[in-house]
Amino acid sequence: MSFRLHDTLSSKPHAALTLHALPCAGNSAEMYRGWDAMLPDWLSLQAVELPGRGHRFSEPLQADARQLAADLLRDTRAAATGPFALFGHSMGALLALEMARQLPAAESERLLAVVLSGREPPGVGVQTPPRRAELPEDAFLAEIARYGGLNPQWQTLPELRALFLPVLRNDFALVDGYAWAPFQLSCPLLAVGGDQEPDFQPAMLAGWSAYSAQWQGYRCFPGQHFYFEVAAVRQQLLHYLREQLALLLAPVLAW
């Protein structure tokens, strides 16, 4: 069964590169609203919508990372006619990695790069509870608050909390249930994040070098887990992505 992958149609049909952006836990494609307009015409950012939210709200949630990545990869391959890249924040980074891992070798040249945001390599950083999705509500909300993702309206609007908590519990189950195994991508890999992440130190991002034969390094920006919510920092991030992707794309276009 095929789904509409993105929340909007491309406004740059002749872009040389499409950057598919995957959301974090509990969020939707809406978190990337306005990003595409801040990028040049050669680079189209398309926000990926996950089942159970946004225009896919009526679809069942999916807590199996490998199956969800397979579904998203199928639709990404169908939507991308040229080179594409993947950007994921937090849970989205895990999904982007798994999509890249599952990409058939025959199509590997189409994937220009994977960009991981706000996600530490496995085995480093703060050791979180193993089954956070099953925590009592107060403890679960406290876990969300650690990342700065607790909506203040949840304290006064219990119906809103009841609507979004199942999505968050599903997504935390997806992250905590993912079984990491050694693998190495053939495409370029780079990492970004805030310099005040709650779970890890910035230098720990270098650990992602083991997961790609073409490690491109990491860059940290001012802020915590949702560092790019600050407009000035978001501009810095997008400027960095534009520079890095342009360098990687140049040899492809020359060929």
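Higher on the page you've got the structure.
For clarity, every value in this text was computed on a predicted model and none was experimentally measured.

With 15 residues, helix 1 (residues 65-79) should cover 21 Å at 1.5 Å per step; its first-to-last C-alpha distance of 21 Å lies within 8% of that length. For helix 1, every residue scored as buried is listed here: A65, L68, A69, L72, L73, D75 and T76. Lining the buried residues of helix 1 we find strand 1 (17-22), strand 3 (84-89), helix 2 (91-102) and helix 4 (158-176). For helix 1, the side-chain oxygen to backbone nitrogen distance between the N-cap and R66 is 3.0 Å, and the N-cap itself is D64.

The biggest cluster of nonpolar side chains holds 35 residues, and the ones touching the most others in it are L72, L95, L111, V114, L116, L174 and W208. When residues of this core are traced back to their parent elements, those giving at least two are helix 1, strand 3, helix 2, strand 4 (111-117), helix 4 and strand 5 (185-194). No other element matches helix 2, which puts eight residues into this core. Ranked by size, the runner-up nonpolar core spans 32 residues in total, among them L17, A85, Y147 and L238.

The next thing to look at is helix 4. Because each turn of an α-helix spans 3.6 residues, side chains separated by three or four positions end up pointing in the same direction. Here helix 4 spans 26 Å end to end across 19 residues, near enough to the 27 Å set by a 1.5 Å rise per residue. Taken residue by residue, helix 4 has L160, R161, L165, V167, L168, N170, D171, F172, L174 and V175 as its buried positions. Contacts made by the buried residues of helix 4 are with helix 1, helix 2 and helix 3 (137-146).

Bringing the pattern of salt bridges into the picture now. Across all of its chains, the model carries 16 salt bridges by this definition. Across the pair R33 and E30 runs a salt bridge whose closest N-O atoms are separated by 3.0 Å. Among the residues examined, E30 registers a relative accessible area of 45% and is labelled partly exposed. The shortest N-O distance in the salt bridge between R132 and E143 comes to 3.3 Å. Taken together, the residues span a long stretch of sequence, with R132 in the loop between strand 4 and helix 3 and E143 in helix 3 at a distance of 11 residues. Of the two residues examined, R132 and E143, each falls in the buried class. It is possible to trace a salt-bridge network through shared partners that takes in R132, E143, R146, D176 and D199.

The rules behind these values
Residues numbered from 1 in each chain as written. Predicted model: local features only at pLDDT ≥ 70, side-chain atom pairs only at ≥ 80, totals over all residues. Heavy atoms only, no water. Helix = DSSP H or I, 4+ residues; strand = E, 2+ residues; numbered from the N terminus. Expected span 1.5 Å × (residues − 1). Buried < 20%, exposed > 50% of the residue type's maximum accessible area, 1.4 Å probe, protein only. Contact = heavy atoms within 4.5 Å. Polar contact = N/O pair within 3.5 Å; in protein donor to acceptor, adjacent residues only side chain to side chain. Core = buried A, V, L, I, M, F, W, Y, C linked by side-chain atoms within 4.5 Å. Salt bridge = Lys/Arg side-chain N within 4 Å of Asp/Glu carboxyl O.

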